[in-house]
Amino acid sequence: MKIRPVQNVPRLHTTPLASVRVKDSQVIVDVDDEREKRFSVVFKPYQAMRMITADCFAMPDDAAILSNTVMEVLDSSWIGELTKGLKRVDETAKFMDQARHFILPLQDDFLEVVAWNIGITDPIDEEKMR
């Protein structure tokens, strides 16, 4: 398994105070960057997601998590599993060919998302949110 940092995504704060929601075939993660500015990471369209506590999250011995960094898993076995499931449901479907596997370290949890794309929003103005 190979892991690489996702470019153009700010480094996450040590305590990102994440909020995760699923809406309209998107996974939206509101987090703090290392300067404590709130922004959203958006995965769309997504095919799967899972949240795992840090206590139960184990990386293979040949891979390492980069702290405070959104990462992409290359040659993902999870995408392979999902693709096999898709072929049982629809053997002609090819949309998993575009899927990418992302990992976000969220302090006590790890969020994994399989999606076609990742994007970020401008910093969220907390005053407007109140």
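Everything numeric in this text was worked out from a predicted model, so none of it was measured. Numbers given to residues run from 1 along each chain, matching the order in which its sequence is written. Predicted model: local features are reported for residues with pLDDT of at least 70 only, side-chain atom pairs are reported and counted for 80 or more only, and whole-chain, interface and lining totals are derived from all residues. To obtain the side-chain values, all non-hydrogen atoms of the structure were included, while hydrogens and water were left out.

Peer 1: Give a detailed account of the pattern of salt bridges, specifying residues and quantitative values.
Peer 2: The working definition used for a salt bridge is a side-chain nitrogen of Lys or Arg within 4 Å of a carboxyl oxygen of Asp or Glu. Per the counting criterion, the structure on display carries seven salt bridges. Of the charged contacts in the structure, one is a salt bridge between arginine 4 and glutamate 72, with a shortest N-O distance of 3.2 Å. Remark: glutamate 72 occurs in strand β5 (residues 71-74) and arginine 4 occurs in strand β1 (residues 2-5); sequence separation between them is 68 residues. For the exposure calls, accessible area comes from a 1.4 Å probe over protein chains only, and a residue counts as buried if that area is under 20% of its type's maximum, exposed if over 50%, partly exposed in between. Owing to a relative accessible area of 6%, glutamate 72 belongs among the buried residues under this scheme. Beyond isolated ion pairs, a larger network of salt bridges with shared partners links Arg4, Glu72 and Arg100. Strands are runs of DSSP state E lasting at least 2 residues, helices are runs of H or I lasting at least 4, and numbering of each runs from the N terminus.

Peer 1: Describe the packing of aromatic side chains, and please don't skip the residues or the numbers.
Peer 2: Side-chain rings of Phe, Tyr and Trp (the six-membered ring for Trp) are treated as a pair once their centres are within 6.5 Å; stacked means planes under 30 degrees apart, edge-to-face means over 60, and tilted covers the remaining angles. This structure, assessed with the given rule, holds two aromatic pairs. Measuring from centroid to centroid gives 5.3 Å for phenylalanine 43 and phenylalanine 102, while their planes differ by 45°, and the two rings are tilted. Pair noted here: phenylalanine 43 is in strand β4 (residues 38-53) and phenylalanine 102 is in strand β6 (residues 100-106), with a separation of 59 residues, a long-range link. Since its relative accessible area comes to 0%, phenylalanine 102 is described here as buried. The rule is short: NZ of Lys or CZ of Arg within 6 Å of the ring centre and within 35 degrees of the ring normal puts a charge over the ring. Sitting over the ring of tryptophan 78, arginine 50 keeps its end group 3.8 Å from the ring centre.

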